[in-house]
Amino acid sequence: MNETHVRYSHYAAICVVLLLLLIGIFFRLRAEWRMRHVRELQQALRNTPPEQRPAKFQELRATMQSIPQRDRERMMADGRKRFEQEMIRYSKLSKEEKQKYLDERIDRSQRFRQQNGAPNPNFGGWPRNNNLSAEERDRRRKQRLDQTSPEFRAAMDQFRKDMEARRHQRGLPPR
C-alpha cells in the first residue's frame, strides 16, 4: 500500500468518527429540545382555561411519547423531587399556614370538579392497569419506596391526615 492511500484511509476514518459524533450530538440536542417543549407544555397546561385543557393535554401526551424512555423517567424523577420538596415544605409550616395551604388545595380541587364533572378513574387520560399480578404490584410498591425518602413519606402521611381532617371540618366528603 502506498502512503497516500493510508493517509486517505485515516482521513476517511476521522470523517466517519466525526460524522457519528455529530449525529449523536444532534439526537441528544433534539431530545433536549423536546424535553424543554414538554416543560413549556406542562406550564401552559397549568394556565390553560378548562375548555382548552383536553387538547393541550393531548399535545403534552404526544410530545411525552416522542422523547426517549430514559428522558421521560428523568422528567418524572424531577417531578417527584419537586413534589417531595413541596410536601417537606408543607410539614414545616405553622398551623395557620397549613390550614391556608389545605384550603387552597381543597378550593382548587372543588373548582376542578365543578368545571369537569365527576372524578375520572383514569384522571389525565392515563389508564390505570388494575390487572397487575401480586408480584408486579409488590415490585412497583418497592420501587416507589426506593424512590422516596422516609422524611417525604412521613410528610405525605401527615398531609393526607391533615387534608382529610380539614375536608371534614369544612363539611366535605372524604376523598
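Cut-offs and rules
Residues numbered from 1 in each chain as written. Predicted model: local features only at pLDDT ≥ 70, side-chain atom pairs only at ≥ 80, totals over all residues. Heavy atoms only, no water. pLDDT = per-residue confidence, 0-100. Helix = DSSP H or I, 4+ residues; strand = E, 2+ residues; numbered from the N terminus. Contact = heavy atoms within 4.5 Å. Axes fitted to C-alpha atoms, helices over the stretch in contact; angles between N-to-C directions. Parallel < 35°, antiparallel > 145°, perpendicular 65-115°, else oblique. Left-handed = near helix turned anticlockwise from the far one by under 90°. Nonpolar A, V, L, I, M, F, W, Y, C, P; charged D, E, K, R; others polar. 1 Å grid on protein atoms, 1.4 Å probe; cavity = no way out; pocket = protein on both sides within 12 Å on 5 of 7 lines; lining within 4 Å. Points joined across faces, edges and corners; volume = space filled by probe spheres on them.

*Asks:* What should I look at first to understand the confidence of the model for the protein chain in this one?
*Replies:* Parts of the prediction with low pLDDT should not have their coordinates interpreted in detail. Per-chain confidence: the protein chain averages 84 in pLDDT, with 91% of residues scoring 70 or above. At the level of individual helices and strands, the protein chain shows its lowest average pLDDT in helix α2 (residues 53-65), which scores 84, and its highest in helix α6 (residues 150-169), which scores 93. Per-residue pLDDT stays below 50 along residues 122-126; that stretch engages in eight contacts with residues further than four places along the chain or on separate chains.

*Asks:* What am I meant to see in the packing of helix α1 (residues 3-46) against α2 here?
*Replies:* Two numbers describe a pair of packed helices, the interaxial angle and the distance between the axes. In the contact formed by α1 and α2, the axes pass within 10 Å of each other and the chain directions differ by 160 degrees. The angle between α1 and α2 places the two elements in the roughly antiparallel class. Crossing geometry of α1 relative to α2 is assigned as left-handed. Along the contact surface, α1 presents R34, H37, V38, L41, Q42, A44, L45 and R46, while α2 presents R53, K56, F57, E59, L60, T63 and M64. For the contact of α1 with α2, a count of residues per class yields seven nonpolar, three polar and five charged.

*Asks:* What is the right way to read the layout of surface pockets from this model?
*Replies:* Any empty space left between the atoms is revealed when a probe the size of a water molecule rolls over them. Estimated volume of the second largest pocket: approximately 170 Å³. If you trace the second largest pocket, you find it lined by Y90, K95, K98, Q99, L102, D162, A165, R166 and Q169. Of all the secondary-structure elements, those providing two or more residues to the lining of the second largest pocket are α4 (95-116) and α6. Residue composition of the lining of the second largest pocket, by class: three nonpolar, two polar and four charged.

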